[in-house]
Amino acid sequence: MPDEHKAGLGAPLFEQAVAALDPERRVVVLDLGIIRAGTVDLFSAYRCRLDIINLPDILPALAECDEAEQRRARLGELFDSRASEPLDLVLCWNLLNYLQRDDIHALIELLVPRLKPATRLHALIEYASPLMPATPGHWIPDADARLHASQVDEEQIESPRYKPKELERIMPQLAPERTVLLGNGLQEYLFRPRPPAQS
Amino acid sequence: MTDQQHRGAVIGPSIQIDGTLKGDEDLLIQGKVEGTIELKKNSVTVGESGEVKADIFAHTIVVEGQVEGKIVGSERVVMRKSAQIRGTLIAPRVMLEDGARFNGTIDMDPEADAIKSAFAGQSAKPSPPQPQPATPNASKPGSSSAGSAERH
């Protein structure tokens, strides 16, 4: 394996988000992907509650569903309505690329009750390439918070290439804090909750 | 883990138990258990053919099969790659093998109330692990690129 592959993907905003977590304080992280050993290992260094919602599991069902309301209901089934502890960090990996605009909006709506001003949402958005793997695969962080992709689908589909302004329209509850164009053409985002509008 | 490798009690694949299990020896579950399992000073292993719909309280818990419920380990919980878990997992040390399926919450906070209350009065609770957070070199604001991705 080439060294650059071993080294993984430097994702500065992911690193920033992890470095911002206080090891002395309880932190709550929501992982929207399939849980991987690297994620558990990374956050085991913290007093961490790690919530896992397997969003990839329902992507095929969402894709087959034409009605936005039905898709919203399917997304809602993933969330435990009893969970109320505020989130410090939400890990979307590259999953937003595999959701329609309505679904992204619905997903963030479901997250809103657990957001606090300090919550950060991390996402990787296909930006440069018109094509992307047909399935999201896995992103696995290492101990240095660098990301390693695995099970990358060789079949490709059209990429939605969500633009920053479009994402702001889709997710009005959030504002981009920083964005970085990564070497592999993915745009890395760190979002924060948008303050309530002053009346 | 095979029955021969295991030292302790074994619930075989044909056994189904509804209720509360308590004891002072290690336990391997290859059958079906519903209810509550309390072996707070010992280890519980849910084998590959094990199907548990129960809250499990033990010193060490290893899951190779299916569990639905709350899993509370005062020392550690291990999820093997064949594990399928839905529920809440609470332990100061958690090990997961890639391939394990988990849906729910993993609470690794050694100060979590659930551990304190479940194992109140016991000395099995270990000292909290020393935090060794990743100290990545976050890039300066305005940075515009990073390395390449590994894509198999």
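Computed from a predicted model, the values in this text were never measured in an experiment.

This part takes up the overall build of chain A. If you tally the helices and strands in chain A, you get seven helices and 10 strands. Here the C-alpha radius of gyration of chain A, 16 Å, is about what a compact globule of 199 residues would show, namely 16 Å. If you line up chain A on its principal axes, its C-alpha atoms span 50 × 45 × 30 Å. Sorting the 199 residues of chain A into buried and exposed places 46% on the buried side. Partitioning the intrachain contacts of chain A with sequence separation of at least 6 by distance along the chain shows that 66% fall at a separation of at least 24.

What follows is about the pairing of strand β6 (residues 138-141) of chain A. Residues and elements named next belong to chain A. Neither face of β6 is open: one carries His138 and Ile140, the other Trp139 and Pro141, and all of them are buried. Both β6 and strand β7 (residues 147-150) contribute to a ladder of four bridges, which runs antiparallel. Within the sheet, the bridge partner assigned to tryptophan 139 lies in β7 and is alanine 149. Hairpin connection of β6 to β7: five residues between the antiparallel strands, including alanine 145 at a positive phi of 65 degrees.

Let's shift gears to unusual backbone geometry. Residue and element names in this part refer to chain A. Unlike most non-glycine residues, alanine 145 shows phi in positive territory, near 65 degrees. Locating alanine 145 in the fold gives a position in the loop between β6 and β7. C-beta crowding within 10 Å serves as the criterion here: with 24 such atoms nearby, alanine 145 is assigned to the buried category.

Here we come to the environment of isoleucine 11 of chain B. All names here are of chain B. Mapped onto the elements of the fold, isoleucine 11 is located in strand β1 (residues 9-11). Judged by the 22 C-beta atoms lying within 10 Å of it, isoleucine 11 is buried. C-alpha of isoleucine 11 to C-alpha of lysine 32: the two residues are 21 residues apart in sequence and 8.2 Å apart in space. Excluding anything up to four places from it in sequence, isoleucine 11 contacts Ile17, Ile29, Gln30, Gly31 and Val33.

What follows concerns the environment of arginine 82 of chain A. Residues and elements named next belong to chain A. Of note, arginine 82 is situated in the loop between α5 (68-78) and β3 (89-91). Owing to 5 C-beta atoms within 10 Å, arginine 82 belongs among the exposed residues under this scheme. Residues arginine 82 and leucine 111, 29 residues apart in the sequence, show an inter-C-alpha distance of 13 Å.

With that settled, consider helix α6 (residues 101-111) of chain A. Along α6 of chain A, the residues classified as buried are Asp103, Ile104, Ala106, Leu107, Ile108 and Leu111 of chain A. Those residues of α6 of chain A that are buried lie in contact with α4 (55-64), α5, β3, α7 (164-170) and β9 (174-181) of chain A.

Let us now look at the packing of α5 of chain A against α6 of chain A. Residue and element names in this part refer to chain A. Running from N to C, α5 and α6 point in directions that differ by 40 degrees, and their axes come no closer than 10 Å. Relative to α6, the crossing made by α5 is right-handed. Packed against α5, whose contacting residues are Ala68, Arg71, Arg72, Leu75 and Gly76, the element α6 presents Asp102, Asp103, Ala106, Leu107 and Leu110 at the interface. A per-class count over the contact of α5 with α6 returns five nonpolar, one polar and four charged.

This paragraph deals with the nonpolar core. In this structure, Val29 of chain A together with Val44, Ile56 and Met79 of chain B are the most contacted members of the largest nonpolar core, which totals 97 residues. Leaving out residues up to four positions away in the same chain, isoleucine 56 of chain B has contacts with Ile37, Val44, Ile61, Gly69, Ile71 and Val72 of chain B.

All names here are of chain A. Where α4 meets α5, the axes come as close as 11 Å, and the angle between the chain directions of the two elements is 160 degrees. By the angle between their directions, the pair α4 and α5 is classed as roughly antiparallel. The crossing of α4 and α5 is right-handed. On the side of α4, the interface is formed by Leu55, Ile58, Ala61 and Leu62, while α5 contributes Arg71, Arg74 and Leu78. Residues of the contact of α4 with α5, tallied by class, amount to five nonpolar, no polar and two charged.

Let's shift gears to helix α2 (residues 12-19) of chain A. Residue and element names in this part refer to chain A. Of all eight residues in α2, seven are buried; the element is thus mostly enclosed. Among the residues of α2, those classed as buried are Pro12, Leu13, Phe14, Glu15, Gln16, Ala17 and Val18. Structurally, α2 contributes buried residues whose contacts are with α3 (37-43), β3, β4 (120-126), β7, β9 and β10 (186-193).

Take the confidence of the model for chain A next. Residue and element names in this part refer to chain A. Mean pLDDT over chain A works out to 92, with 95% of the residues at or above the 70 mark. Predicted confidence in chain A is weakest over helix α1 (residues 3-7), with a mean pLDDT of 51, and strongest over β3, with 98. pLDDT under 50 marks residues 1-5. Its contacts with residues more than four places away, or in other chains, come to four contacts.

Residue and element names in this part refer to chain A. Note on placement: glycine 38 falls in helix α3. Measuring from C-alpha to C-alpha, the distance between glycine 38 and histidine 148 comes to 9.4 Å, with 110 residues separating the pair along the chain. Dropping the residues within four chain positions of it, glycine 38 is found in contact with Ile140, Pro141 and Asp142.

Rules and cut-offs
- Residues numbered from 1 in each chain as written.
- Chains lettered and ligands numbered in written order.
- Predicted model: local features only at pLDDT ≥ 70, side-chain atom pairs only at ≥ 80, totals over all residues.
- Helix = DSSP H or I, 4+ residues; strand = E, 2+ residues; numbered from the N terminus.
- Rg over C-alpha atoms; globule rule 2.2 N^0.38 Å.
- Buried ≥ 20, exposed ≤ 12 C-beta atoms within 10 Å, placed from the backbone.
- Contact = placed C-beta atoms within 7 Å.
- Pairing = 2+ DSSP bridges.
- Axes fitted to C-alpha atoms, helices over the stretch in contact; angles between N-to-C directions.
- Left-handed = near helix turned anticlockwise from the far one by under 90°.
- Nonpolar A, V, L, I, M, F, W, Y, C, P; charged D, E, K, R; others polar.
- Core = buried A, V, L, I, M, F, W, Y, C linked by C-beta atoms within 7 Å.
- Parallel < 35°, antiparallel > 145°, perpendicular 65-115°, else oblique.
- pLDDT = per-residue confidence, 0-100.

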